[in-house]
Amino acid sequence: MEKIVSTMVLIALASLISACVQNPAANQGAQYPVSEEALVETRAVAVELSTQLAGRLKKEIGENGPASAVDVCNLAAPEIAGTLSQKNNWQVGRVGTRVRNPLNQPNAWQQAALTTFAENAAKGEKFEQMETYSVAMIDGKPMLRYAKAIGLQPMCVVCHGKAEQIPSNVKARLQEKYPNDLATGYSPGELRGAVVILRPLIN
């Protein structure tokens, strides 16, 4: 009986080793734990993107009306994300639960993060507290994948709200800039998307 059990254990171990060899990236990320310092740095950049964009939107809406906010999102948001990406040598951007700009289409990992955020929001968790991250081996390097939830703010309904909440000149600007826009019908406090960051863990 002991011999049979020993043989079964050996077979199980062989299968496990074989699986790891066939998928070497499966456990490699575990070799690179994410330090608190790295998380603090990453969170700061995510907050900076949201803060800069919100500031630009408020200023533009106050000075030139809500239709001009479409241009801010169209031009300023990628500009801010690009500046932060270049400054840190990371990939910094945003993704949406419903896509307006095709460049903000989530990948599989980001979509899973959005799904988790939506589930947590349904349980009462605040968007300010929502983040998720993991380590993946990409091109042979350990990379931190990070996402921080974005909730829809009240001022955003003029561009992202229900049809009756969006002024006609905003609708016209959206049709001009984003003819395939899907990012309307939201309510304040609903999950809009996430700030996403991809950064190396080692240089």
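Since the structure is predicted, the reported quantities are computational estimates derived from the model, not experimental observations. (Residues numbered from 1 in each chain as written. Predicted model: local features only at pLDDT ≥ 70, side-chain atom pairs only at ≥ 80, totals over all residues. Heavy atoms only, no water.)

1. A word on the nonpolar core
In a soluble, globular protein the nonpolar side chains are often hidden away together inside. The biggest cluster of nonpolar side chains holds 24 residues, and the ones touching the most others in it are Leu 49, Val 92, Val 170 and Ile 197. Those elements that place two or more of their residues in this core are helix 2 (36-64), helix 3 (67-88), helix 6 (168-177) and strand 4 (191-200). When residues in this core are grouped by element, the largest group, nine residues, is from helix 3. Once you skip the residues sitting within four places of it in the chain, Leu 49 turns out to touch Ile 80, Ala 81, Leu 84, Val 92, Gly 93, Arg 94 and Val 195. Listed in part, the 12 residues of the second largest apolar core include Leu 114, Phe 127, Met 130 and Val 196. (Core = buried A, V, L, I, M, F, W, Y, C linked by side-chain atoms within 4.5 Å. Buried < 20%, exposed > 50% of the residue type's maximum accessible area, 1.4 Å probe, protein only. Helix = DSSP H or I, 4+ residues; strand = E, 2+ residues; numbered from the N terminus. Contact = heavy atoms within 4.5 Å.)

2. So, the packing of helix 3 against helix 6
Put simply, helix 3 and helix 6 touch, their axes get as near as 8 Å, and they point 30° apart. The orientation of helix 3 with respect to helix 6, classified from their angle, is roughly parallel. Side by side, helix 3 and helix 6 meet where Ala 67, Ser 68, Val 70, Asp 71 and Asn 74 of the first sit next to Asn 169, Val 170, Arg 173, Leu 174 and Lys 177 of the second. Split into classes, the residues belonging to the contact of helix 3 with helix 6 amount to four nonpolar, three polar and three charged. (Axes fitted to C-alpha atoms, helices over the stretch in contact; angles between N-to-C directions. Parallel < 35°, antiparallel > 145°, perpendicular 65-115°, else oblique. Nonpolar A, V, L, I, M, F, W, Y, C, P; charged D, E, K, R; others polar.)

3. So, the sheet that holds strand 1 (residues 91-96)
Taking strand neighbours across the sheet as the criterion, the four strands line up as 1-4-3-2 in an open arrangement whose pairing is antiparallel. In the strand order of this sheet, the two ends are held by strand 1 and strand 2 (131-138), each with one partner. Taken over all neighbouring pairs, the strand axes of this sheet differ in orientation by 20° on average, direction set aside. Taken together, the six bridges between strand 1 and strand 4 define a ladder with antiparallel strand orientation. What sits directly across from Val 92, in strand 4, is Ile 197. (Pairing = 2+ DSSP bridges.)

4. Considerations on the side chain of Thr 42
Considering the arrangement of structural elements, one finds Thr 42 in helix 2. Overall, the relative accessible area of 0% leaves Thr 42 in the buried class. Within the structure, Thr 42 has its side chain in polar contact with the side chain of Arg 199 (distance 3.1 Å). In contact with Thr 42, not counting residues within four places along its chain, are Trp 90, Leu 144, Tyr 146, Ile 197 and Arg 199. (Polar contact = N/O pair within 3.5 Å; in protein donor to acceptor, adjacent residues only side chain to side chain.)

5. Let's talk about helix 3
Along its 22 residues, helix 3 runs 32 Å from first to last C-alpha, staying within 8% of the 32 Å computed at 1.5 Å per residue. The largest bend along helix 3 reaches roughly 35° and is located at Cys 73. When helix 3 is considered as a whole, its buried residues turn out to be Ala 67, Ser 68, Ala 69, Val 70, Val 72, Ala 76, Ala 77, Ile 80, Ala 81, Leu 84 and Ser 85. With its phi angle positive at about 60°, Asn 89 sits one or two positions after the end of helix 3. (Expected span 1.5 Å × (residues − 1). Bend = angle between axes of the 7 residues up to and from the residue.)

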